[in-house]
Amino acid sequence: MPQAVLSCTSTSKRAEVSKGFFFGLGGTLIALLALYFGLIYFQLGVPTRASIWAYEINQKKLQRAASIQQPKLLLVGGSATLFGVQAELIESRLNYPTVNLGTHAGLGSAYMLHLVRQAAKPDDTVVLGFEYNTFGSGVVRRDAVYVDYLFARDPKYFLALPWTSKFQVAMLMTMPRLRKGVLNRFRPESTQLAPGVYDPDELNAHGDQLGNEARNRPVKRVHRYVPDGTLSLRGLKEAPAFELITEFVRWARANNVRVFATYPNILKHPAYRTSAAKETLGQIEEFYERLQVPIIGSFEESMMPPSMFFDTCYHMTREGAAIRTERLIPHLAAILNRERK
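Remember, predicted model here, so these are calculated numbers, not experimental data. (Residues numbered from 1 in each chain as written. Predicted model: local features only at pLDDT ≥ 70, side-chain atom pairs only at ≥ 80, totals over all residues. Heavy atoms only, no water.)

Section: the packing of helix H2 (residues 52-67) against helix H5 (residues 108-119)
In step 1: Closest axis-to-axis distance for the H2/H5 pair is 9 Å, and the angle between their directions is 30°. As summarised for this structure, H2 and H5 are arranged roughly parallel, according to the angle between their axes. For the pair formed by H2 and H5, the contact residues are Asn58, Leu62 and Ala65 on the first element and Tyr111, Leu115, Gln118 and Ala119 on the second. (Axes fitted to C-alpha atoms, helices over the stretch in contact; angles between N-to-C directions. Helix = DSSP H or I, 4+ residues; strand = E, 2+ residues; numbered from the N terminus. Parallel < 35°, antiparallel > 145°, perpendicular 65-115°, else oblique. Contact = heavy atoms within 4.5 Å.)

Here is the structure:
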């Protein structure tokens, strides 16, 4: 047989082998993906211990909001609001029903606004106090708390997401978390939480955090002095949360819900005096101005000394929260009294 024919035959066989290998590899990958997504849906809605705290405090806050029939004030944000503003004090001073909707910032601004839509009714007033690090994420947040919460506690919300977002969230699930969800389907883990401030019972009727008195501060407080990187370093080159807030404001106006914004409570730090911090603040202020959402209070009022913080740069002590709330009350009185006239 001629050499050219032998060479051609050999090349053809190698091509067939390669083709078969890649088709086989592709089939294997498809099978593995099918198994992965099958397990994702198998453990959907299976509770985990990790999300007990965030879920139960959210339910208590929503129940409190639903029980109020007259116009009310809703304080919105992550744990800076939860730990740092006292709805009970505001209500007693202003004689205006107030609910602290502050929750785990890891859930992201999209989910926090989802909670507000459930809590707000016509004639209500909403004050947004999102942490700076929440502005950088959109519907999908790359956070273990967010992923765990959606799968374990709010599968309805997950299933309502666009398919692209569902895919992104599913791909963020780690194998240990997937394994835990599957195992919990057969043998639920203990729901007993360790005693301490992160207990759903450490919440008053208005949704304020309890147990965070200065005397209860943990001995090691390494995270207290770590500044918010979004504010001090990176700035907001991209702010996916702006679009989410814009959509929410449209919804609020269509439903006769008034929206204001404020600066989240934060530990006073030299990093917030930099040009990057000023640029970030300016971008946020300009955004709310374009939306015609008034900002109440000032950045200076939102910064508190280290002695007023509990265990992170956003978590204030009860004593600090009372002082911060006192600073906020005159601004709230102005907008609420305006509504009453």
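Some remarks on the pattern of salt bridges
In step 1: Taken as a whole and judged by the stated rule, the model has seven salt bridges.
In step 2: A salt bridge links Asp124 to Lys72; the nearest nitrogen and oxygen atoms lie 2.6 Å apart. Of the two residues, Asp124 sits in the loop between H5 and strand E3 (125-128) while Lys72 sits in the loop between H2 and strand E1 (73-76), which places them 52 residues apart along the sequence. Of the two residues, Asp124 and Lys72, neither departs from the other in class, the shared state being buried.
In step 3: One salt bridge in this structure joins Lys180 and Glu189, with 3.4 Å as the shortest N-O distance. (Salt bridge = Lys/Arg side-chain N within 4 Å of Asp/Glu carboxyl O. Buried < 20%, exposed > 50% of the residue type's maximum accessible area, 1.4 Å probe, protein only.)

Let's talk about the nonpolar core
In step 1: Ranked by size, the top nonpolar core spans 80 residues in total, and within it Leu128, Ile245 and Tyr288 carry the most contacts.
In step 2: Among residues more than four places away in sequence, those in contact with Leu128 are Val76, Leu113, Ile245, Phe248, Val259, Phe260, Ala261, Thr262 and Tyr288.
In step 3: With 17 residues, the next largest nonpolar core counts Tyr96, Ile296, Leu332 and Ala333 among its residues. (Core = buried A, V, L, I, M, F, W, Y, C linked by side-chain atoms within 4.5 Å.)

Observations regarding the packing of helix H6 (residues 144-153) against helix H8 (residues 163-172)
In step 1: Following both chains from N to C, one finds H6 and H8 inclined at 110°, their axes separated by 9 Å at the closest point. The pairing of H6 with H8 is recorded here as roughly perpendicular in orientation. Crossing geometry of H6 relative to H8 is assigned as left-handed. Counted together, Tyr146, Val147, Leu150 and Phe151 of H6 and Val169, Ala170 and Leu172 of H8 form the full contact between these two elements.
In step 2: Split by residue class, the contact of H6 with H8 holds seven nonpolar, no polar and no charged. (Left-handed = near helix turned anticlockwise from the far one by under 90°. Nonpolar A, V, L, I, M, F, W, Y, C, P; charged D, E, K, R; others polar.)

Describing the packing of aromatic side chains
In step 1: A full pass over the atoms with the stated rule returns 16 aromatic pairs.
In step 2: Both rings, one in Phe83 and one in Tyr198, keep their centres 6.0 Å apart while their planes meet at 50°; by these two values the pair is tilted. Placement of Phe83 in helix H3 (residues 79-84) and of Tyr198 in the loop between helix H9 (175-186) and helix H10 (229-234) is noted, with a sequence separation of 115 residues between them.
In step 3: Grouping aromatic residues by their ring pairs yields a cluster made of Trp53, Phe83, Tyr198 and Phe310.
In step 4: Above the plane of the ring of Phe42 lies Arg185, whose end atom (NZ or CZ) is 5.3 Å from the centre. (Phe/Tyr/Trp six-rings, centres within 6.5 Å; stacked < 30°, edge-to-face > 60°. Lys NZ or Arg CZ within 6 Å of the ring centre and 35° of its normal.)

Examining the side chain of Asn58
In step 1: Relative to the helices and strands, Asn58 resides in helix H2.
In step 2: At 3.0 Å, the side chain of Asn58 forms a polar contact with the side chain of Tyr149. (Polar contact = N/O pair within 3.5 Å; in protein donor to acceptor, adjacent residues only side chain to side chain.)

As for a nonpolar patch on the surface
In step 1: Together, Leu29, Leu32 and Leu35 make up a nonpolar patch on the protein surface, roughly 300 Å² of accessible area in all.
In step 2: Turning to its location among the elements, Leu35 is positioned in helix H1 (residues 3-42).
In step 3: By relative accessible area, which is 52% here, Leu35 ends up exposed. (Patch = residues over 30% accessible without salt bridge, like charges linked within 9 Å, V, L, I, M, F, W, Y side chains within 5 Å. Areas by Shrake-Rupley, 256 points an atom, 1.4 Å probe, with all protein chains shown as cover.)

Thoughts on the environment of His315
In step 1: In this fold, His315 is placed in the loop between strand E7 (303-304) and helix H14 (318-340).
In step 2: Of the residues examined, His315 reaches a relative accessible area of 8% and is grouped as buried.
In step 3: Sequence-wise, His315 and Ile266 are 49 residues apart; in three dimensions their C-alpha atoms are separated by 8.0 Å.
In step 4: Those residues in contact with His315 that sit more than four places away from it in its chain are Ser79, Phe83, Tyr198, Phe309 and Phe310.

What to know about the pairing of strand E4 (residues 258-262)
In step 1: Taking burial as the measure, the five residues of E4 include four buried ones, the bulk of the element.
In step 2: In the sheet, E3 pairs with E4 via four bridges, with the strands oriented parallel. Its bridge partner being in E4, Val126 is matched across the sheet by Val259. (Pairing = 2+ DSSP bridges.)

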